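Chains, contacts and geometry: an overview
Listed below are the residues making up each chain.
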Amino acid sequence: MHRNVANLVVHTDFSILSVLQYAVEVLRVNHVIVCGHCGCSGDKNAMSNCDLGLINKWLRNIKDVYRLFHRELTSIADLTLRFERLVELNVCEQVQNLAQTSIVQGGWNKRQAPTLHGWVYNLRTGYLEELARIELGADLDPIDRFDFGPKDDQGRRA
Ligand SMILES: [Zn+2]
């Protein structure tokens, strides 16, 4: 289990990458779950223009999600609903970030696992909703795929 502000999978964060590598390659888990929650203050502050100090840098990753889905999000006039949608989109994007790691793709290559899940926990109802599921790199963009084929004697992929 790894927790951070706004359930982010950041490719330069050695803390989450270490947890992921340990889970996938050493513990050999079959499922990795990104679980966000409704009313996430990390997501909420990312939608604001507040200068909160160092955390601005971390929340920058959510502003990138906002930018990616700008059209959909700005079409939602109700700010509470827009914010709740950002929570959902952020979870889905973090599952994509997991799929883009060589750690997860190495697991898929070696042992057809783990399956990735994106969940949102509704604090009011207690329900978990699955919004994303990725198995064996289904729908992964070719540019995000690592090549695990055989190497030549200089260590280059054939
Ligand atoms: Zn939160």
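An account of the accompanying structure is given in this report. Note that the structure is a prediction, hence the values are computed from the model and not measured.

Attention now moves to the sheet that holds strand E1 (residues 31–37). Read across the sheet, three strands follow the order E1-E2-E3 without closing on themselves; strand pairing throughout is mixed. In this open sheet, the two strands that pair with only one neighbour each are E1 and strand E3 (128–134). With direction set aside, neighbouring strand axes in the sheet form an average angle of 25°. Contacts between helix H5 (residues 79–99) and the sheet are confined to E1, strand E2 (115–121) and E3, with E2 contributing the most and set at about 160° to the helix.

The next point concerns the nonpolar core. By size, the foremost hydrophobic cluster in this structure holds 33 residues, and its most contacted members are Leu20, Ile62, Leu98, Trp108 and Leu116. Per element, the largest residue contribution to this core is eight residues, and it comes from H5. Residues contacting Trp108, with those up to four places away along its chain left out, are Ala99, Ala113, Pro114, Leu116, Ile134, Leu136, Gly137 and Leu140.

What follows deals with the pattern of salt bridges. Summed over the entire model, instances satisfying the criterion amount to six salt bridges. Note that Asp64 is salt-bridged to Arg67, the shortest N-O span being 3.2 Å. Residue Asp64 and its partner Arg67 are located together in helix H3 (residues 55–68), separated by three residues, close to a single helical turn. By relative accessible area, Asp64 is classed as partly exposed at 29%. Residue Arg67 is classed as exposed on the basis of its relative accessible area, which comes to 58%. A salt bridge links Arg85 to Glu72, with the shortest nitrogen-to-oxygen separation between them at 2.5 Å.

As a further point, take the pairing of E2. Of all seven residues making up E2, five are buried, and the element is well covered by its neighbours. Strand direction decides the pairing type here: E2 and E3, joined by six bridges, are antiparallel. If you follow Val120 over to E3, its bridge partner there is Glu129. What sits between the antiparallel neighbours E2 and E3 is a turn of six residues, in which Gly126 has the positive phi angle 85°.

A few words on the side chain of Asn90. In this structure, Asn90 sits in helix H5. At a separation of 3.4 Å, a polar atom in the side chain of Asn90 contacts the side chain of Asp43. Not counting residues within four places of it along the chain, the set of residues in contact with Asn90 comprises Ala6, Asn7, Leu8, Asp43, Ile62 and Val65.

It is worth spelling out the packing of H3 against H5 at this point. Closest axis-to-axis distance for the H3/H5 pair is 10 Å, and the angle between their directions is 105°. Of the possible angle classes, the one that applies to H3 and H5 is roughly perpendicular. Taken together, the residues of H5 that come into contact with H3 (itself represented by Ile62, Val65, Tyr66 and Leu68) are Arg82, Leu86, Leu89, Asn90, Glu93 and Gln94. Across the contact of H3 with H5, the residue classes break down as six nonpolar, two polar and two charged.

Looking now at the packing of helix H1 (residues 14–26) against helix H6 (residues 102–111). Contact pair H1 / H6: the axes reach a minimum separation of 9 Å and the direction vectors enclose 10°. The angle between the axes of H1 and H6 places the two elements in the roughly parallel class. From H1, Leu17, Leu20, Gln21, Val24 and Glu25 reach across to H6, where they touch Ile103, Val104, Gly107 and Arg111. Tallied by class, the residues present in the contact of H1 with H6 amount to five nonpolar, two polar and two charged.

About the thresholds
Residues numbered from 1 in each chain as written. Predicted model: local features only at pLDDT ≥ 70, side-chain atom pairs only at ≥ 80, totals over all residues. Heavy atoms only, no water. Pairing = 2+ DSSP bridges. Helix = DSSP H or I, 4+ residues; strand = E, 2+ residues; numbered from the N terminus. Axes fitted to C-alpha atoms, helices over the stretch in contact; angles between N-to-C directions. Contact = heavy atoms within 4.5 Å. Core = buried A, V, L, I, M, F, W, Y, C linked by side-chain atoms within 4.5 Å. Buried < 20%, exposed > 50% of the residue type's maximum accessible area, 1.4 Å probe, protein only. Salt bridge = Lys/Arg side-chain N within 4 Å of Asp/Glu carboxyl O. Polar contact = N/O pair within 3.5 Å; in protein donor to acceptor, adjacent residues only side chain to side chain. Parallel < 35°, antiparallel > 145°, perpendicular 65-115°, else oblique. Nonpolar A, V, L, I, M, F, W, Y, C, P; charged D, E, K, R; others polar.

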